[in-house]
Amino acid sequence: MNILDKIVAHKKKEVASAKKRVSYVELEESEYFHRETYSFKEFLLDPERSGIIAEFKRKSPSKGIINDKVRVSAVTNGYAGAGASALSVLTDRNFFMGRKADLVKARSVNNIPILRKDFMIDEYQVIEAKALGADIILLIAAILTPAEIDTMATLAKSIGLNVLLEVHNLEELERSIHPKLDAIGVNNRNLADFTVSVETSYELAKHIPAEFMKISESAISDPETIRHLKLAGFNGFLIGETFMKQADPAQAMRDFVAQL
């Protein structure tokens with residue numbers, strides 16, 4: 001099994017356990033479930049913001065611990081102050097040292113869209129994402145069938161969530177396009193061997209229909225790369241490790257944005 005297979009296998013057990021602990025009714029009665037979500041598109045296209053989706057990530061399977069010394073509330077609020085168009089918060093504990101509580105904390109101190117970054121395989125996680133305070137969910141084409149994408153995207157939109165579809169190649173893109181998506185993200189990281197290449201974004205850009213916002217994910221460490229990606233039609237840029245590997249991720253983002 002590659003790492004993605006291992007993550008999905010563990011996620012199935014994790015979701016089954018979560019369903020036993022917290023019911024759908026309890027999720028729907030949570031503080032954040034009935035809040036009006038922020039528009040991903042509105043914030044992403046706001047000329048006063050950077051287009052950056054700034055990610056809080058302590059660890060990754062490929063790099064190990066990136067930064068486990070900083071607080072999610074301070075970092076995400078700093079990202080927002082530095083001009084982030086949205087935040088991405090990892091909630092996977094086993095492989096990324098994320099916590100569901102991280103998303104709740106980020107929501108409590110920020111007034112911009114938040115993406116729940118996790119491996120969504122079940123409708124329960126969609127309801128849970130809204131309950132935690134997310135505005136956007138991530139659907140990864142590599143682990144979902146077109147029918148599963150339809151089911152989860154339809155549910156997400158019915159409760160006000162924005163939907164970001166992540167693809168790694170043309171085959172995933174063509175089989176997974178759905179009218180209820182808000183944005184399509186091109187992950188420049190090969191999840192089988194973890195190599196990264198921003199060329200993946202350039203190659204797929206022309207195949208993404210115009211009605212969807214285009215997001216480039218991973219392998220972005222230079223402001224010049226963002227300038228080139230904008231010329232290729234990209235609206236958003238998910239950046240995590242470039243900022244998180246610094247002692248002060250928010251300051252790292254401020255320095256980065258100053259060069260745009």
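Residues numbered from 1 in each chain as written. Predicted model: local features only at pLDDT ≥ 70, side-chain atom pairs only at ≥ 80, totals over all residues. Heavy atoms only, no water.

For clarity, the cut-off: UniProt positions are given in the numbering used here, feature names are shortened, and annotations may be inferred rather than shown by experiment.
The name an unreviewed UniProt entry gives the protein chain is Indole-3-glycerol phosphate synthase, with Mucilaginibacter lappiensis as the organism. In the Pathway (unreviewed entry) part of its UniProt record, the protein chain is described as follows: "Amino-acid biosynthesis; L-tryptophan biosynthesis; L-tryptophan from chorismate: step 4/5." The UniProt entry for the protein chain carries the following comment under Catalytic activity (unreviewed entry): "1-(2-carboxyphenylamino)-1-deoxy-D-ribulose 5-phosphate + H(+) = (1S,2R)-1-C-(indol-3-yl)glycerol 3-phosphate + CO2 + H2O".

### Brief notes about the overall build of the protein chain
Going by this rule: In this text, helices come from DSSP runs of H or I with a minimum length of four residues, and strands from runs of E with a minimum of two, each type numbered from the N-terminal end. Here the radius of gyration uses the C-alpha set of atoms, whereas the globule reference equals 2.2 Å times the residue count to the power 0.38. Burial here depends on accessible area, computed with a 1.4 Å probe over protein chains only, as a share of the maximum for the residue type. Under 20% is buried, over 50% is exposed, and the range in between is partly exposed. A contact between two residues is defined here by any heavy atoms of the two lying within 4.5 Å. Surface accessibility follows the Shrake-Rupley procedure with a 1.4 Å probe radius. Residue values consider only the protein chains on display as shielding. Charge assignment: positive for Lys and Arg, negative for Asp and Glu; neither His nor the chain ends contribute. Charge positions are represented by NZ for Lys, CZ for Arg, CG for Asp and CD for Glu.
Helix and strand counts for the protein chain come out as 13 helices and ten strands. Here the C-alpha radius of gyration of the protein chain, 17 Å, is about what a compact globule of 260 residues would show, namely 18 Å. Each of the 260 residues in the protein chain was classed as buried or not, and the buried ones make up 56%. Looking at the protein chain alone, contacts between residues at least 24 apart form 67% of all its contacts between residues at least 6 apart. Of the roughly 11200 Å² of accessible surface on the protein chain, 50% is carried by carbon and sulfur atoms. Distance between charge centroids for the protein chain: 5 Å, based on 34 positive and 36 negative side chains.

### Description of the nonpolar core
Note the cut-off: Throughout this description, the term nonpolar core refers to a set of buried Ala, Val, Leu, Ile, Met, Phe, Trp, Tyr and Cys residues connected via side-chain atoms within 4.5 Å.
Membership of the largest hydrophobic core comes to 88 residues, with the highest contact counts inside it found for Phe-40, Tyr-79, Val-126, Ile-137 and Leu-139. When neighbours within four sequence positions are excluded, Tyr-79 is seen to be in contact with Ala-54, Glu-55, Phe-56, Ala-84, Leu-87, Phe-243, Met-244, Pro-249, Ala-250 and Met-253.

### Side note on the pattern of salt bridges
Basically, it comes down to this: What counts as a salt bridge is simple: a side-chain nitrogen of Lys or Arg found within 4 Å of a carboxyl oxygen of Asp or Glu.
Under the counting rule described, the total for this entry stands at 17 salt bridges. With a closest N to O distance of 3.5 Å, Asp-118 and Arg-116 form a salt bridge. Classification of Arg-116 by relative accessible area gives buried; the value is 1%. In this structure, Arg-116 engages Glu-128 in a salt bridge whose closest nitrogen and oxygen atoms are separated by 3.0 Å. Of this pair, Arg-116 sits in strand E5 (residues 114-117) while Glu-128 sits in helix H7 (residues 123-132), placing them twelve residues apart in sequence. In this pair, the class of Arg-116 matches that of Glu-128, namely buried. Each of Lys-11, Glu-14, Asp-92, Lys-100, Arg-116, Asp-118 and Glu-128 takes part in one network of salt bridges that share partners.

### Points about the packing of aromatic side chains
The test is simple: Pairing of aromatic side chains requires ring centres within 6.5 Å, counting the rings of Phe and Tyr and the six-membered ring of Trp. Pairs whose planes differ by under 30 degrees are stacked, by over 60 edge-to-face, and all others tilted. Over a ring means this: the NZ of a Lys or the CZ of an Arg is within 6 Å of the ring centre and within 35 degrees of the ring normal.
Applying the stated rule across the entire model yields five aromatic pairs. When the centroid spacing of 5.2 Å and the interplanar angle of 85° are considered together, the rings of Tyr-24 and Tyr-124 count as edge-to-face. Within this pair, whereas Tyr-24 is found in helix H2 (residues 24-28), its partner Tyr-124 is found in helix H7, the two being separated by 100 residues in sequence. A relative accessible area of 1% places Tyr-124 in the buried class. What links up through ring pairs into an aromatic cluster is the set Tyr-79, Phe-243 and Phe-256. Looking at Lys-130, its charged tip hangs above the ring of Phe-33, at a distance of 5.2 Å from the centre.

### Quick word on the packing of helix H1 (residues 3-21) against H7
The condition that has to hold: The angle between two axes is taken between their N-to-C directions and runs from 0 to 180 degrees, where each axis is a line fitted to C-alpha atoms and a helix contributes only its stretch in contact. Crossings are sorted by hand: turned counterclockwise from the far helix by less than a right angle, the near helix makes the crossing left-handed, and turned clockwise it makes it right-handed.
Two elements in contact, H1 and H7, have axes separated by 10 Å at closest approach and are oriented at 65°. Crossing angle aside, the handedness with which H1 passes H7 is left-handed. Across from Lys-11, Val-15, Ala-18 and Lys-19 in H1, the residues of H7 making contact are Tyr-124, Gln-125 and Glu-128.

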